[in-house]
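Survey of secondary and tertiary structure
Residues per chain, in single letters:
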Amino acid sequence: MGLFKKDKLQVIGFQSYGTASRLYLRGRALEDEEIDLNQKGLFNLIRNSWKRFETDEIKHADLIVKLTNGESLTTTTDDHGYFLLNEKVDGLSALINQEGWLLAEASFSNMHLHREVVHQNRFPIEMLIPQTTSEFGVISDIDDTILHTGVVSSLKWKVILNTFLKSATKRRALEGSAEFYHQLHLGKSGEAANPIFYVSHSPWNLYRYLELFLMANNFPKGPILLRRMASFRARKKPGEWPHKYHEIVNILKTYPELPFILIGDSGEKDGDIYIEVSKKFPNRIKSIYLRSVNDGKRIKRIENLFKEYTDAPFLLVNKTEEAYKHAKKHGFVQ
């Protein structure tokens, strides 16, 4: 009978972002595969990696989201188990902590599922509301920007090796990047609490893995914004911008008074995306930093791409120290 026992249920709450009057919470309802990201050994790494991508989502499940003031809202998961609670709610600033985080709690409400739910059916979910002291925001890529991934490697073999055969706690951040991000978070004043947004092409299946990596390497806490697996299979229409572009546009629209620093790498399309964002939002981009990858053709392309760019300061970075000195010169950090 044990072979046919159904897995327990869980809700994974994603760290997201909103405003004092806009509640914007994301997450996903899944079967609990009992993935332990701290497990060691090659077999465990492969097994956990398989479980992250072979997910059993809970479709059309009714959820209740409770705020700390006792207010409750409802939402329903879609065909892939995702939910997005996007509603106007006044007075949210009164519910945030000193860093601007609003903590809520999600739970299953449709008990007809007849399945055991882990954690007593109580799952934390967080949303960031930037502080009024914020001087600017930071939008950063993850792969090969702060985490060595190997996106430009032949046949992406390094991506597979690093993602599937290395635990999140064993992955090391690129030299000096966590310290630099803390300086950006503090800003010129030293107490700005500037919001950091981590935007990646990676799928939501890697959310907990990347969250653990950021925590283990002491990066400032910030919303982690990924994409659905279905978008990997979908063919982009000619001239259509990737998911990352639309996510960045949404952030800038959400905070129209806040300027931003954009950080990425020269390996993929970050440069193209950031230039387009800069055109769409004139005078909103304070600086663009692209970490140089070990690929001459890609570096040359970036140099040509930014040759005529004058909308904001731009720097192709070999070492994080270069970006820090540039940021200090322009008054972004102490």
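Preceding block: the structure.
Residues numbered from 1 in each chain as written. Predicted model: local features only at pLDDT ≥ 70, side-chain atom pairs only at ≥ 80, totals over all residues. Heavy atoms only, no water.

**Describing the side chain of Thr145**
By secondary structure assignment, the location of Thr145 is in the loop between strand E9 (137-140) and helix H2 (157-165). Overall, Thr145 belongs to the buried group, its relative accessible area being 3%. There is a polar contact of 3.0 Å between the side chain of Thr145 and the side chain of Asp141. Beyond its immediate stretch of four places on either side in the chain, Thr145 contacts Ser140, Leu174, Tyr181, Ile263, Gly264, Asp265, Asp270 and Arg291. (Helix = DSSP H or I, 4+ residues; strand = E, 2+ residues; numbered from the N terminus. Buried < 20%, exposed > 50% of the residue type's maximum accessible area, 1.4 Å probe, protein only. Polar contact = N/O pair within 3.5 Å; in protein donor to acceptor, adjacent residues only side chain to side chain. Contact = heavy atoms within 4.5 Å.)

**Quick word on the nonpolar core**
In terms of nonpolar packing, the biggest core is built from 35 residues, with Leu184, Tyr198 and Tyr289 touching the most fellow members. Counting only elements with at least two residues in this core, the list comes to strand E1 (9-14), helix H3 (177-186), strand E10 (196-203), helix H4 (207-216), strand E11 (224-227), strand E12 (260-265) and helix H9 (320-329). Take this core: its biggest share by element is 6 residues, from H4. Excluding anything up to four places from it in sequence, Tyr198 contacts Ser140, Ile142, Ile146, Tyr181, Leu214, Phe219, Pro220, Gly222, Pro223, Ile224 and Leu225. Judged by nonpolar contacts, the second largest core, of 28 residues, contains Ile248, Leu258, Ile299 and Phe306. (Core = buried A, V, L, I, M, F, W, Y, C linked by side-chain atoms within 4.5 Å.)

**A short note on empty space enclosed by the protein**
Applying the stated criterion across every chain, the model contains 3 cavities of 30 Å³ or more. Here the largest cavity defines a volume of roughly 100 Å³. Looking at the lining of the largest cavity, the elements that each hand over two or more residues are H3, E12, strand E13 (285-291) and H9. Its residues assigned to classes, the lining of the largest cavity shows 7 nonpolar, 4 polar and 1 charged. (1 Å grid on protein atoms, 1.4 Å probe; cavity = no way out; pocket = protein on both sides within 12 Å on 5 of 7 lines; lining within 4 Å. Points joined across faces, edges and corners; volume = space filled by probe spheres on them. Nonpolar A, V, L, I, M, F, W, Y, C, P; charged D, E, K, R; others polar.)

**Digging into the pattern of salt bridges**
With the rule as written, the count across this model stands at 12 salt bridges. Residues Glu126 and Lys221 are paired through a salt bridge, measuring 2.5 Å at the closest nitrogen-oxygen approach. Pair noted here: Glu126 is in strand E8 (residues 123-128) and Lys221 is in the loop between H4 and E11, with a separation of 95 residues, a long-range link. Residue Lys221 is classed as partly exposed on the basis of its relative accessible area of 39%. For Lys244, the salt bridge is made with Asp141, and the minimal N-O distance between the two is 3.0 Å. Here Lys244 is found in helix H6 (residues 243-254), whereas its partner Asp141 is found in the loop between E9 and H2, with 103 residues between them in sequence. Accessibility classification places Lys244 together with Asp141 in one group, the buried group. One network of salt bridges, with partners in common, ties together Asp141, Lys244 and Asp270. (Salt bridge = Lys/Arg side-chain N within 4 Å of Asp/Glu carboxyl O.)

**A short note on H3**
Count 3.6 residues to each turn of an α-helix, and residues three or four apart come out pointing the same way. Looking only at H3, the buried set comprises Ser177, Ala178, Phe180, Tyr181, Leu184 and His185. Within H3, the buried residues cover an arc of 160 degrees as seen down the axis, which keeps them to one side. For H3, the secondary structure elements touched by its buried residues are E9, E10, E12, E13 and H9. Directly after H3, the chain includes Gly187, whose backbone phi takes a positive value near 75 degrees. (Arc of directions from axis to C-beta.)

**Considerations on the environment of Ile146**
Take Ile146: it is sitting in the loop between E9 and H2. On the accessibility criterion, Ile146 (0% relative accessible area) is buried. When the C-alpha atoms of Ile146 and Glu175 are compared, they prove to be 8.2 Å apart, with 29 residues separating the residues in sequence.

**Quick word on the sheet that holds E1**
Taken together, 3 strands build an open sheet; the order of strands is E1-E3-E6 and the sheet is antiparallel. On the outer flanks of this sheet lie E1 and strand E6 (82-88), each paired with one strand and no other. Strand-to-strand, the axes of this sheet are offset by a mean angle of 25 degrees, without reference to chain direction. Alignment of E1 against strand E3 (residues 22-31), held across 6 bridges, turns out to be antiparallel. Counted as the bridge partner of Val11 is Ala29 from E3. (Pairing = 2+ DSSP bridges. Axes fitted to C-alpha atoms, helices over the stretch in contact; angles between N-to-C directions.)

**Digging into the packing of aromatic side chains**
Taken as a whole and judged by the stated rule, the model has 19 aromatic pairs. With centroids separated by 6.2 Å and ring planes inclined at 75 degrees, the aromatic side chains of Phe180 and Tyr181 adopt a geometry described as edge-to-face. Given the relative accessible area of 5%, Phe180 is considered buried. A relative accessible area of 2% places Tyr181 in the buried class. For the ring pair Trp204 and Tyr207, a centre distance of 6.1 Å and an interplane angle of 40 degrees mean the geometry is tilted. Here Trp204 and Tyr207 have matching classes, each one buried. Here the aromatic residues Phe180, Tyr181, Tyr198, Phe213, Phe219 and Tyr289 are joined through ring pairs into a cluster of three or more. Directly above the ring of Trp101 sits Lys221, whose terminal nitrogen or CZ lies 4.6 Å from the centroid. (Phe/Tyr/Trp six-rings, centres within 6.5 Å; stacked < 30°, edge-to-face > 60°. Lys NZ or Arg CZ within 6 Å of the ring centre and 35° of its normal.)

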